[in-house]
Amino acid sequence: MNIEKPKRACTRASIDYTKKWKSIDWNIVKAVVNKLQSRIAKAVSENRINLVKKLQYLLAKSHYAKLLAVKRVTSNKGKRTSGIDKKLWSTESLKYENALMLTNKGYKSKPLKRIYIDKGKGKKKRPLGIPTMYDRAMQALYLLTLDPVAETILEKRSFGFRRYRGTRDASQYLFKCLGTKKSGEWVLEGDIKGCFDNISHKWIQENIIMDKQVLKQFIKAGYVLNKKLYKTKAGTPQGGIISPTLANLTLNGMSKMLQEKYWKNRVGTIDRQYNKLKVNIAIYADDFVITAKKKETLVEIKEMISKFLLKRGLELSKEKTIITHIKEGFDFLGWNFRKFKDKLIIKPSIKSLRKVIQNIRETIKKYLMQKQDVLIRRLNQIIVGWCNYHKHACSKKSYQTLDKEIFRSLWNWCKRRHPMKSKKWQKKKYFSEIKSRDWIFKSENRTLKFATDFKIKRHVLIKFDANPYLNEYKEYYLKRNLLNSRLV
């Protein structure tokens, strides 16, 4: 009897937690959390650091913030991947129960599970650290307290891993910096060597505004590989939810350093109109591009950046950090930037195009014995993803090349499936004619998309001063989201 009672009690609690999780009004949860985040951002903008810390403490204790943190880690792609404890929060009951248990009292992060993922042929594998579900939820919770700080103090020309900013904003900004006749003609392509693995823990703990004890647990967790524990003396774990924001804050200050050097007039005022050497920077995570009128200026800047990074335990990659003339062109974030007769053209890089073609070829081979409907669904996912990413650039020729390569691979797929059938039979079975268009790969339920059907839509660069956590920009972001939804 004594054994049966806890089981019944546990079942009742489980049912209650399930009902509670299902009954959560997420709009109210987000509204309460956003209100506190707005107060944090405002306090940061007013440089009231003590108030910032108090508000961060309140947010980390908030039940709504804990619910939102658990929702994030149980809704993303990593929800099916466990840490070293092999636990997953797959039920509503477990989600609600663990949300109640999130606390910084006596918190000690478990070591990360180390895995390696391929970066491509001939490249070293990238190490990833997978935290336990509890540690992921703690990171998500404290990211809610840190992100308003980051969005307020991060530089305007930093675009990676930030709300409402992305690769397209970085490319559009570079178009502004390089697109005119008077623009700088030399480019420094910067790459930081093992950025996430080498950031100084001392610098992070001294400069990041958040709970120091919790932060220490995040960065000092260590990792397990082949059942052996390794300590982490530097870096933030690749795979941790909070790591990209920590990396952004670590690199914060590069743009300001360059402006103070090259944008000042004699009085000491910093303004773009005094930027005679055309020095501009676009940063995306650990990659950045700096433009200038003269090559000698970039040689000088490269030395400045090296000293800046050294204080943070980082260094530039000698192989990947190069100075290039704009007429030779350079690749950045999957695009190629190059000037032809004073006209800047941004188009998908050859590397990006080859990668998607290889992916499509491998997918078609993999789905040789699958139904046509299944293959079309998977190919459409790849085509839509790649074409949407590049649709703001000069992508027409790349789309044409992609369609040709897809057709070739699909025709080979048909011949391999039915080697004894005639070409006419194969065409009739797998391809259709719709209106004036022939050779459309189509099943009863699905039709393969053509890359050339995607229209080029110019991206509108984000307003640099806009902060998603300040109420005065709420209307701006609503209009921007509406505009972007129309361009999809």
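That block above? That's the structure.
Described below are features of the structure shown in this document. Remember, predicted model here, so these are calculated numbers, not experimental data.

Brief notes about the overall build of the protein
A tally of helices and strands in the protein yields 18 helices and 13 strands. Principal-axis analysis of the C-alpha atoms places the extent of the protein at approximately 85 × 75 × 50 Å. For the protein, with 488 residues in total, the buried portion stands at 47%. Taking all contacts inside the protein whose residues are at least 6 apart in sequence as the whole, residues at least 24 apart take part in 69%.

Some words on the pairing of strand β13 (residues 437-441)
Inspection of the sheet shows strand β12 (residues 431-434) paired to β13 by three bridges, in the antiparallel sense. Following the sheet pairing, Ile434 is matched in β13 by Arg437. The antiparallel pairing of β12 with β13 creates a hairpin that spans two residues between the two strands, and Lys435 there sits at a positive phi of about 55°.

A look at a positive patch on the surface
A contiguous patch of positive charge on the surface is contributed by Lys124, Lys193, Lys302 and Lys318. Among the structural elements, Lys124 can be located in the loop between β1 (112-117) and β2 (126-130). Owing to a relative accessible area of 74%, Lys124 belongs among the exposed residues under this scheme.

What to know about helix α14 (residues 350-366)
An ideal rise of 1.5 Å per residue puts 24 Å on 17 residues; α14 measures up with 24 Å between its terminal C-alpha atoms. Of the positions making up α14, those classed as buried are Ser352, Leu353, Val356, Ile357, Ile360, Thr363 and Ile364. End-on, the buried residues of α14 take up no more than an arc of 130°, which puts them together on one face. Facing away from the buried side of α14 by over 90 degrees, the exposed positions are Ile350, Lys351, Arg354, Lys355, Lys365 and Lys366. Along its buried surface, α14 packs onto α15 (372-390) and α16 (396-417).

Things to note about the nonpolar core
Core analysis: the biggest nonpolar cluster contains 74 residues, and Ile208, Met210, Phe288, Ile290 and Ile301 have the highest contact counts within it. Among the elements that take part in this core, helix α6 (residues 133-153) stands out by supplying 11 residues, more than any other. Apart from the residues within four sequence positions on either side, Phe288 is in contact with Leu188, Glu189, Gly190, Asp191, Ile192, Met254, Ile281, Ala282, Ile283, Ile305, Leu316 and Phe332. With 30 residues, the next largest nonpolar core counts Ala41, Tyr173, Ile346 and Tyr477 among its residues.

Looking at the pattern of salt bridges
When their charged atoms lie close together, side chains carrying opposite charge are able to pair. Under the defined criterion, the tally for this structure stands at 10 salt bridges. Notably, a salt bridge pairs Glu151 with Arg162, separated by 3.0 Å at the nearest N-O pair. Of this pair, Glu151 sits in helix α6 while Arg162 sits in the loop between α6 and α7 (167-178), and the two are 11 residues apart along the sequence. Accessibility assignment for this pair places Glu151 and Arg162 in one class, buried. For the salt bridge of Arg446 with Asp373, the shortest nitrogen-to-oxygen distance reads 2.6 Å. Pair noted here: Arg446 is in the loop between β13 and α18 (474-487) and Asp373 is in helix α15, with a separation of 73 residues, a long-range link. Residue Arg446 is classed as partly exposed on the basis of its relative accessible area, which comes to 31%. You can call Asp373 buried: its relative accessible area is 17%. Each of Arg361, Glu405 and Arg408 takes part in salt bridges that share partners, so that together they form one network.

What counts, and at which threshold
- Residues numbered from 1 in each chain as written.
- Predicted model: local features only at pLDDT ≥ 70, side-chain atom pairs only at ≥ 80, totals over all residues.
- Heavy atoms only, no water.
- Helix = DSSP H or I, 4+ residues; strand = E, 2+ residues; numbered from the N terminus.
- Buried < 20%, exposed > 50% of the residue type's maximum accessible area, 1.4 Å probe, protein only.
- Contact = heavy atoms within 4.5 Å.
- Pairing = 2+ DSSP bridges.
- Patch = residues over 30% accessible without salt bridge, like charges linked within 9 Å, V, L, I, M, F, W, Y side chains within 5 Å.
- Areas by Shrake-Rupley, 256 points an atom, 1.4 Å probe, with all protein chains shown as cover.
- Salt bridge = Lys/Arg side-chain N within 4 Å of Asp/Glu carboxyl O.
- Lys, Arg positive; Asp, Glu negative; His and termini not counted.
- Charge placed at Lys NZ, Arg CZ, Asp CG, Glu CD.
- Expected span 1.5 Å × (residues − 1).
- Arc of directions from axis to C-beta.
- Core = buried A, V, L, I, M, F, W, Y, C linked by side-chain atoms within 4.5 Å.

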